[in-house]
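The lines below spell out each chain.
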Amino acid sequence: MEVRVKNIVKEFARFPALENVSLDIRSGELIALLGPSGSGKTTLLRLIAGLETPTTGQIFFGDEDASQKTVQQRNIGFVFQHYALFRHMTVLENVSFGLKVRSGDRRPPADEIRRRALELLDLVQLSGLETRYPAQLSGGQRQRVALARAMAVEPNVLLLDEPFGALDAQVRRELRKWLRDIHDHTGHTTVFVTHDQEEALELADRVVVMSKGKIEQVGTADEIYDTPASPFVYGFIGESNVLPVRIEGGEIWFEDRPIGVKAEGHADGDGRLYFRPHDIEMLEGCGGCLAGIVTASRRVAGTRHVEVSTGASNASVEIELPIDRGNVDGSRLAFRPKKWTLFR
Amino acid sequence: MTRHRTQRRWQIRQPSVLPGFGLALGVTLSWLTLIVLIPLAGLVARASGIGLSSFLALAADPRVIAALKVSFGTAFLAALINVVFGVILAWVLVRYQFWGRRIIDAMVDLPFALPTAVAGIALTAIYAPNGWIGALLEPLGLKVAFTPTGIVIALIFVGLPFVVRTVQPIMEEIDREVEEAAATLGATRFQTISRVLLPGLAPAVLTGFSLAFARGVGEYGSVIFIAGNRPYVSEIAPLLIVIRLEEFNYAGATAIAVIMLIISFAMLLVINSIQAWSRRRYGYGA
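All values reported here derive from a predicted model rather than from experimental measurement.

## What about unusual backbone geometry?
Comment: phi is negative for the bulk of residues other than glycine, and the bulk of peptide bonds are trans. All names here are of chain A. Although it is not a glycine, Lys212 sits at a positive phi angle of roughly 50 degrees. Relative to the assigned elements, Lys212 resides in the loop between β9 (206-211) and β10 (214-219). Look at Ala301: it is not a glycine, yet its phi comes out positive at around 50 degrees.

## A few points about the environment of Pro228 of chain A
Residue and element names in this part refer to chain A. Topologically, Pro228 is positioned in the loop between α8 (221-226) and α9 (231-236). Note: C-alpha distance between Pro228 and Gly311 (83 residues apart in sequence) is 26 Å. If sequence neighbours within four positions are ignored, Pro228 has contacts with Gln217, Glu223, Val233, Tyr234, Arg276 and Phe343.

## Some details on the packing of helix α10 (residues 176-184) of chain B against helix α11 (residues 189-218) of chain B
Residue and element names in this part refer to chain B. At a minimum axis separation of 10 Å, α10 and α11 run at an interaxial angle of 125 degrees. Between α10 and α11, the interaxial angle falls into the category oblique. Crossing of α10 over α11 shows right-handed handedness. Only Arg189, Thr192, Val196 and Leu197 of α11 make contact with α10, whose side of the interface consists of Val178, Glu179 and Ala182. Considering only residue class, the contact of α10 with α11 consists of four nonpolar, one polar and two charged.

## Regarding the sheet that holds strand β20 (residues 341-343) of chain A
The pairing of strands in a sheet comes from backbone hydrogen bonds and takes either a parallel or an antiparallel form. All names here are of chain A. Read from one edge to the other, the open sheet built from five strands follows the order β13-β12-β11-β14-β20, with strand pairing classed as antiparallel. At either margin of the open sheet sits one strand with a lone partner, and together these are β13 (257-262) and β20. Here the strands of the sheet are splayed against their neighbours by 45 degrees on average, with no regard to which way each runs. Bridge count between strand β11 (residues 241-248) and strand β14 (residues 269-275): seven bridges; the pairing is antiparallel. For Ile247, the partnering residue across the bridge sits in β14 and is Gly269.

## Some words on the interface of chain B and chain A
The interface of chain B with chain A comprises 21 residues on the first partner and 23 residues on the second. Note on chain B versus chain A: buried area summed over both sides is about 2100 Å², and carbon and sulfur give 61% of it. Where chain B packs against chain A, one counts one salt bridge. Put simply, Glu180 of chain B and Arg46 of chain A hold a salt bridge, and the shortest N to O gap is 2.7 Å. One can count four residue pairs in polar contact (both at pLDDT 80 or more) joining chain B with chain A. Listed by contribution, the elements that provide at least two residues to the side of chain B that touches chain A are α10, α11 and α14 (250-282) of chain B. The leading source of residues in the side of chain B that touches chain A is α10 of chain B, at seven residues. By residue class, the composition of the side of chain B that touches chain A is ten nonpolar, six polar and five charged.

Calculation rules
- Residues numbered from 1 in each chain as written.
- Chains lettered and ligands numbered in written order.
- Predicted model: local features only at pLDDT ≥ 70, side-chain atom pairs only at ≥ 80, totals over all residues.
- Heavy atoms only, no water.
- Helix = DSSP H or I, 4+ residues; strand = E, 2+ residues; numbered from the N terminus.
- Contact = heavy atoms within 4.5 Å.
- Axes fitted to C-alpha atoms, helices over the stretch in contact; angles between N-to-C directions.
- Parallel < 35°, antiparallel > 145°, perpendicular 65-115°, else oblique.
- Left-handed = near helix turned anticlockwise from the far one by under 90°.
- Nonpolar A, V, L, I, M, F, W, Y, C, P; charged D, E, K, R; others polar.
- Pairing = 2+ DSSP bridges.
- Buried area = accessible area lost by both parts, 1.4 Å probe.
- Salt bridge = Lys/Arg side-chain N within 4 Å of Asp/Glu carboxyl O.
- Polar contact = N/O pair within 3.5 Å; in protein donor to acceptor, adjacent residues only side chain to side chain.

Next comes the structure, spelled out in structure tokens:
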């Protein structure tokens, strides 16, 4: 189901957690809310669930205004970081809970509930463990039970709060791929919160980057990485360098010289130049470039990450060099950014 | 395989890198022996001197049976009532912030500290037919003081902190997320409490119940004032033991004591096994 968040403001004791946030989530989409802690991503998720009430603003499920409904009426599936399983119930009882608590004619007959719960346990690859208690399962298994439990109620939207946050790296990668498969199989509209950009970029159809209670950018992994909409996104996603620069006559100047990069269409004045460590070209001899002494270097997988101290202010810039350049420690390098963004 | 497991179970746990296991176990065992085992063994030895037939005759005395019924019945009832209200009280203390919460929290411990005789006299004064509450109940035909009802009230008083103090810490540990999870799955508040929260508290409630019950069975000081101590009606077993002692009927006193010991031990054993079982199953404290 399509979910629309409209002009949501949320304040906790006068402290604004979300400032006028709007977001359209398409039906069947897998979308990630990404941001540092305190960015309001979990608050937004809990508002969609109905676990918090907005100070102002509305949330629509399809054409229906869900803001007036209680969490019980919204029919959502919520998965918590620390699983929040009912520990006195078996795996099967946990998964059936949402159907068992329904009243009157909305509750399916007992054998139907059992059949559906077993089907879901099969989907999350936990067949045969239905009589176990949560304490007898591993972290990854518990989280899969939690997901099956959330899906049992046929939710309008599936909400996951840092679902892999409490798991170790390897289980995390496995579950990530597996969640993508499940999503493609069931087609639930899914929103998940994470502070792990790799997870967000790899898993989600679209990523919502949030900071300080605002949405900075919404887009696919490519859009977010290649055309960051704000300095925050540039700095938060992937590696980046920032240099204070000046625009003069359509050229970018760093301190006392032009760096050989045209900035046509930009008015004269100060700005900040952002570029990725690998979006550079190396130069022999310098007719307009950034240049400096290598202060440190480290091998990272197939490339060498080199720190260069440049200019009179000794501004530190990190660039990536191919391994075949050999050891460059202490030498002088000249380069210029190939792809860059200027924020004023 | 099976033999290997049995062997391992009976081994004394290997000491870890933390030193002092042998010393600690030694102190524990000597202390338990001095304080608990020797007196109880003395009691049993004394009882075995009576001879089985006369022991059974003493035990079958209708007055003894009536006193035991009163003791265990009132203690059981009081512990049950304490469980209901103790859980509610603990819930209020854990879940709500209000003015005077700390005072109420401190008041819960008062029955621990107050001399039980003082409690008994105070309760008698209030519930006697001419007391504050007793006077209100009298026209309704309800007599509290000098009946088994009075005993139950005294035992509720002394047993309350046991339930509150055992349930409270477990309640504090309840994860908010578990309640929220139940709500997102469509459970009403009532369903969340009855199906999710209370079953999770069951082991702690059971501990509280057994402590309050054990305390109730052994309680003497507060009860004798409010009970009226009428034989066959409101006479508790501990009082009967004292009466027998005053008659220099040591055999009679010992017999009652041993019977109480056996029943108490059996009941606590059953409650503890239920607890160990549920702990294993749900992984509490694991």
